[in-house]
Amino acid sequence: MSFMGLFDHASLPILIVAVLAACNCALVGSYLVLRRMSLLGDAISHGVLPGLVIGFMLAGNRDLLPMLLGALAAALGTALATDFLKRSMRIDGDAAMGVVFTTLFALGVILIERYAAQVDLDPSCVLYGQVEYAAIDRWSGAIFGWRPPRSAVTLAIVFAIDLGVIALLWKEFLLTSFDAPLADSLGLRSTLMHLLLMGMTALTTVASFEAVGSILVVAMLVVPGAIGTLLSDRLLGVILAAQGAAILSAVFGLWSAEALDTSVSGMMAVSAGGVFAIAFVFAPKHGWLPHRLRRLALSLRIVEEDILGVLYRKHEKTHGTGDVEPESGAPPWHPAWLQILARLRLRLGGAVESFSQEPALTERGMIRGRRLVRRHRLWEIYLSDRLAIPASHLHDPAHRVEHFLDEEFTRRLEEKLDRPERDPHGREIPAPPEGKAARQKKRPPRE
Amino acid sequence: MLGLEYNTAVVLAGTAALGLAAGSTGSLALLRRRALLADALSHATLPGICIAFMVTGSRSFAALLTGALITGILGVLVVVMISRRGKIREDAAIGIVLGTFFGGGIALSGIIQRRGADAAQAGLDSFLLGQTAGMLLSDAITIGVIALITVALVVLLGKEWKLICFDPDFAGVEGWPVRALDLLLMLLITVTVVIALPAVGVVLTAAILIIPATAARLWVDRLGPMLILASIFGVLSGSVGTVISAGTAGLPAGPVIVLSASAIFVVSLLFSPRRGIIARARSRVAQRRRQERRRLLGSIYEGIEESHVPMIGEAELARRRSWGPGRMRKHLEKASRRGLIVWGSTGIALTDSGKTLAEKIVRDERIWQQYLLSQAQIDRDLIDLDAAEIGQILPKAMVEELEAVLRAKGRLPGAAAIDTETPGGAS
């Protein structure tokens with residue numbers, strides 16, 4: 001089907017329910033991921049099942065309230081039982097959680113199979129979601145003459161509640177999420193916030209299970225939040241990015257499910273996984289590719305500087321101002337392709353005269369090379385003077401650090417060392433390229 | 001009739017062998033803290049099962065399990081890859097893989113279903129929540145044989161895995177191939193999960209690894225016994241679950257097997273002799289009684305010491321211990337039943353054995369107080385005087401030195417001189 005077909009009469013209700021469910025889960029899920037409670041979402045989404053079923057059995061219909069109360073009780077039970085096993089019985093946290101939620105889930109499945117199947121609670125609806133029914137199952141009321149899907153109304157209410165609680169307790173959630181002990185010492189009751197968050201998770205899980213199913217809720221709880229943490233380092237940024245990812249997953253999931261004629265909730269989870277994969281590779285700051293590129297850029301800069309250092313020292317030797325032989329420069333261990341790339345960049349950047357093995361330095365290359373050698377020798381002095389490192393051991397550390405000292409730092413280093421003229425090997429410290437006035441006596445190596 | 005029973009017996013043997021394998025590999029998974037990774041793994045097998053079905057077009061047991069194995073391993077690799085970069089923590093990575101892979105599986109099974117492969121679809125459905133009733137004889141045998149190979153591997157390499165479970169750094173320093181062993185263990189867990197799928201189902205397979213092992217951990221502290229016990233629990237839950245589910249129509253085997261394991265877990269939780277809830281409650285009560293007896297005797301002794309009369313009135317004792325009259329009466333009754341005090345209408349006196357005990361209690365306490373006053377740089381809460389003799393805590397020479405100080409002050413119980421110097425407020 002065409003993409004715009006998502007907004008036609010038949011599909012719009014499904015789209016609304018899918019987006020609302022995804023956004024709901026993503027909102028609470030952002031906090032779960034940030035608080036390292038991702039698997040609690042998993043546990044609660046499994047654990048609420050018996051509560052849902054019991055609530056449903058007692059009420060005898062699909063009214064939200066009894067199911068919600070049952071599910072909240074079960075969620076609280078999951079959390080408290082896990083906590084009890086962990087704290088009092090000293091069972092490893094993961095195992096405690098695993099025991100509790102699988103047990104509850106098994107109980108829920110048996111309850112469904114034995115008792116609920118005869119009263120219109122379809123197990124596959126609970127487990128895997130039936131968002132497709134959204135178009136048929138409409139709310140009894142109407143907004144401007146349009147009857148929204150029943151579950152959309154529920155989801156909208158729950159979304160409003162979640163949003164309201166988070167907006168109202170923004171600071172409290174922020175602090176308890178990142179520094180629970182500080183929050184406690186300020187009287188913020190981090191345990192209470194923890195319980196509140198679990199309650200919201202349960203509420204959201206129950207409201208969303210019709211759309212995405214109780215197992216796939218975990219995908220919508222965890223994946224958008226994880227995408228958010230890849231894209232932003234700020235809480236608001238994480239939440240907004242998670243919302244964006246949730247909407248994207250819902251829209252694309254629905255579209256691809258209709259195209260492939262298969263389960264919407266399944267494709268929503270897969271789409272979320274796809275969005276995550278893209279974020280994992282391309283996220284500007286934490287993504288894999290930018291990270292590799294940054295590392296490549298750094299390697300390239302180091303190789304370039306090493307080449308310039310070698311050329312500068314060669315120049316120093318032939319135009320001999322110093323009476324001491326300059327130290328050897330670039331080590332041979334840079335991979336050949338990096339060296340070629342670096343030489344190419346030096347040539348294009350106008351730092352050397354030609355793309356040959358040992359080109360002559362231009363004025364610009366000379367300045368960069370001089371800066372590098374200056375940093376190198378100043379650092380050697382620092383190591384020798386302040387840390388009493390023997391002269392034979394100065395070169396290697398200096399060779400590594402020279403790439404990471406900026407101009408300001410170098411200037412202060414020089415002042416701290418009382419503007420030395422020679423390094424511990426007796427080699428001359430080259431003048432800073434711009435600061436000629438400060439050291440007029442010193443003649444720059446080339447005029 | 002006979003054939004059917006024979007069939008059931010073989011399926012039963014298969015699930016029992018499965019329980020054996022799940023118990024032993026589950027123990028290792030638990031100790032290596034891979035419990036919930038097993039959950040992600042089992043959910044990640046679903047797309048593999050579906051793809052295998054779509055490719056081969058048949059419900060061939062071997063093909064489906066091979067598919068499950070492939071995506072299961074893929075899922076684990078993705079978890080490792082995501083969490084190794086550091087930004088996404090392992091728990092989130094597990095959630096991501098679990099949700100996404102399972103979603104993929106549901107979508108694929110939807111595609112299969114809508115292609116109209118209904119009969120076979122029923123076969124796939126049984127992989128979600130497990131089905132032993134429809135299991136073929138050859139399938140049960142396959143499961144059983146692989147399970148037994150798994151157990152044999154655990155027995156063979158148990159010692160090495162024990163080392164990497166408890167101290168992987170040390171194992172590395174000692175020159176063990178930690179990564180290879182870890183990988184092999186992960187593979188073993190994967191294989192166990194995969195052969196558990198037909199009986200327990202994708203959604204709950206992790207439980208059959210986690211629950212028996214966790215229950216066994218409540219009873220024992222050593223790996224060997226834990227492996228054996230977990231295997232027994234696994235066999236029990238596997239076979240009981242199979243029998244119940246086979247005897248009840250419409251009951252998927254997975255949840256029943258899991259609930260059988262949970263029942264064993266609950267029993268362990270209650271009755272384990274050292275870590276069980278009942279045993280712990282009893283020992284807590286006993287400890288509190290001992291502590292209260294110590295306080296009672298200590299107060300009586302100090303009252304007698306101050307008044308120089310070998311007897312203390314109830315009112316005076318009540319002043320020293322802020323206990324209500326009912327509680328005081330209870331404690332006094334208990335102590336007199338133990339023959340530690342004589343409780344008459346005029347007051348309370350210590351018997352000989354009570355005096356000896358009270359002297360020791362007060363002496364230890366004062367030495368401890370003196371130690372804390374003069375040389376303590378440790379947190380006194382770290383030491384539980386109820387549980388230990390003073391001689392076990394402090395070196396002998398120091399005890400003698402402290403005793404000398406107390407004797408000089410006339411505060412050493414059992415020593416002749418009794419002084420009226422104000423006692424400290426130790427409890």
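Structure shown above.
Think of each chain on its own: its residues are numbered from 1, step by step along the sequence as written. Think of it this way: whatever chain is written first is A, whatever ligand is written first is 1, and the rest follow in order. Whole-chain, interface and lining totals are the exception, using all residues; otherwise, since this is a predicted model, local features are given only for residues with pLDDT of at least 70 and side-chain atom pairs are given and counted only at 80 or more. As a convention, hydrogens and water are excluded, and side-chain values are obtained from all of the structure's heavy atoms.

### Some points on the overall build of chain B
A run of H or I in DSSP counts as a helix once it spans at least four residues, and a run of E counts as a strand once it spans at least two, with each numbered from the N terminus. A tally of regular secondary structure across chain B gives 17 helices and 2 strands. For every residue, the accessible area obtained with a 1.4 Å probe (protein chains only) is divided by the maximum for its type, and the residue is called buried under 20%, exposed over 50%, and partly exposed between those limits. Sorting the 427 residues of chain B into buried and exposed places 51% on the buried side. Should any heavy atoms of two residues lie within 4.5 Å, those residues are counted as being in contact. Taking all contacts inside chain B whose residues are at least 6 apart in sequence as the whole, residues at least 24 apart take part in 68%. Residue exposure ignores everything except the shown protein chains as possible cover, and the areas themselves are Shrake-Rupley values with a 1.4 Å probe. Summing over all exposed atoms, chain B offers an accessible surface of approximately 19500 Å²; the carbon and sulfur share of this is 61%.

### Brief notes about the overall build of chain A
The number of helices and strands found in chain A is 17 helices and 0 strands. Expressed as a percentage of the 447 residues in chain A, the buried residues total 53%. Put simply, 70% of the contacts in chain A that link residues at least 6 apart link residues at least 24 apart. On chain A, roughly 20100 Å² of surface is accessible, and the fraction owed to carbon and sulfur atoms is 62%.

### Some thoughts on the nonpolar core
Here the nonpolar core consists of buried residues drawn from Ala, Val, Leu, Ile, Met, Phe, Trp, Tyr and Cys, with membership extended through side-chain atoms lying within 4.5 Å. Among the nonpolar cores identified, the biggest contains 195 residues, and Phe276(A), Phe102(B), Ile189(B), Val200(B) and Phe265(B) are the most heavily contacted of them. Considering every element that reaches this core, the biggest residue donor is helix 1 (residues 12-34) of chain A, with 17 residues. Judged by nonpolar contacts, the second largest core, of 18 residues, contains Leu296(B), Met328(B), Ala335(B) and Ile348(B).

### So, the pattern of salt bridges
Side-chain pairs of opposite charge can arise where the charged atoms are in close proximity. Residue and element names in this part refer to chain A. The term salt bridge refers to a pairing of a side-chain nitrogen on Lys or Arg with a carboxyl oxygen on Asp or Glu at a separation within 4 Å. With the rule as written, the count across this model stands at 30 salt bridges over all chains. One salt bridge connects Glu408 with Arg411, and the closest N-O pair in it is separated by 3.1 Å. Linking Glu408 with Arg411, this pair stays in helix 17 (residues 407-416), spanning 3 residues, or about one helical turn. Taken together, the salt bridges that share partners define one network made up of Arg374, Glu408, Arg411, Glu414, Glu415 and Arg419.

### Overview of the packing of aromatic side chains
Two rings from Phe, Tyr or Trp (for Trp, the six-membered ring) form a pair when their centres are within 6.5 Å of each other. A pair whose planes differ by under 30 degrees is stacked, one over 60 is edge-to-face, and the rest are tilted. For the structure shown, the criterion picks out 4 aromatic pairs over all chains. Ring geometry for Phe252(A) and Trp255(A): centres 5.4 Å apart, planes at 50°, overall tilted. Here Phe252(A) pairs with Trp255(A), and both are found in helix 11 (residues 235-260), just 3 residues apart, close to one helical turn. By relative accessible area, which is 26% here, Trp255(A) ends up partly exposed. Put simply, a charge is over a ring when the Lys NZ or the Arg CZ is close to the ring centre, within 6 Å, and near the line of the ring normal, within 35 degrees. Directly above the aromatic system of Phe280(A) lies the positively charged group of Arg85(B), at a separation of 6.0 Å from the ring centroid.

### So, the interface of chain A and chain B
Facing the 57 residues of chain A at the interface are 53 residues of chain B. Here the quantity called buried area is the total loss of accessible area, with a 1.4 Å probe, experienced by two parts when brought into contact, counted for both. For the pairing of chain A and chain B, the buried interface totals around 4500 Å² over both sides, and the portion due to carbon and sulfur atoms is 73%. Put simply, chain A and chain B have 2 salt bridges between them. The partner of Asp92(A) in a salt bridge is Arg33(B), with the nearest N and O atoms 2.6 Å apart. Side-chain atoms alone can form a polar contact between residues adjacent in sequence; in general such a contact is a pair of N or O atoms within 3.5 Å, and within protein one must be able to donate a hydrogen while the other accepts it. Viewed at the interface, chain B and chain A are joined by 11 residue pairs in polar contact (both at pLDDT 80 or more). Of all elements in the fold, only helix 1, helix 2 (38-59), helix 3 (64-87), helix 4 (93-116), helix 5 (123-128), helix 10 (217-231), helix 12 (264-282) and helix 13 (288-318) of chain A reach the threshold of two or more residues within the side of chain A that touches chain B.

### Details of the packing of helix 12 of chain A against helix 13 of chain A
Residue and element names in this part refer to chain A. Axis lines are fitted through C-alpha atoms, for helices just across the contact stretch, and the angle between N-to-C directions can take any value from 0 to 180 degrees. Viewed as axis vectors pointing N to C, helix 12 and helix 13 meet at an angle of 10°, and their least axial separation amounts to 3 Å. Judged on the interaxial angle alone, helix 13 and helix 12 are roughly parallel. Along its contact with helix 12, which presents Phe280, Val281 and Phe282, the element helix 13 presents Trp288, Leu289 and Pro290. Here the nonpolar group is Ala, Val, Leu, Ile, Met, Phe, Trp, Tyr, Cys and Pro; Asp, Glu, Lys and Arg are the charged ones; every other residue, Gly included, is treated as polar. For the contact of helix 12 with helix 13, the residue count by class is 6 nonpolar, no polar and no charged. Note on terminology: angles under 35 degrees are roughly parallel, angles over 145 are roughly antiparallel, angles of 65 to 115 are roughly perpendicular, and the others are oblique.

### Remarks on unusual backbone geometry
Residues and elements named next belong to chain A. Even without glycine at this site, Arg36 takes up a positive phi of about 55°. Looking at the element boundaries, Arg36 is found in the loop between helix 1 and helix 2. Overall, the relative accessible area of 55% leaves Arg36 in the exposed class. We note that Arg419 has phi near 45°; this positive angle belongs to a residue other than glycine. Mapped onto the elements, Arg419 comes out in the segment after helix 17. Since its relative accessible area comes to 39%, Arg419 is described here as partly exposed.

### Description of the side chain of Asp39(B)
Structurally, Asp39(B) can be placed in helix 2 (residues 35-56). Arg34(B) provides the closest opposite charge to the buried, salt-bridge-free Asp39(B), at an N-O distance of 15 Å. Neither His nor the chain ends is counted toward charge; the positive residues are Lys and Arg and the negative residues Asp and Glu.

Shape descriptors only; they carry no functional weight alone.
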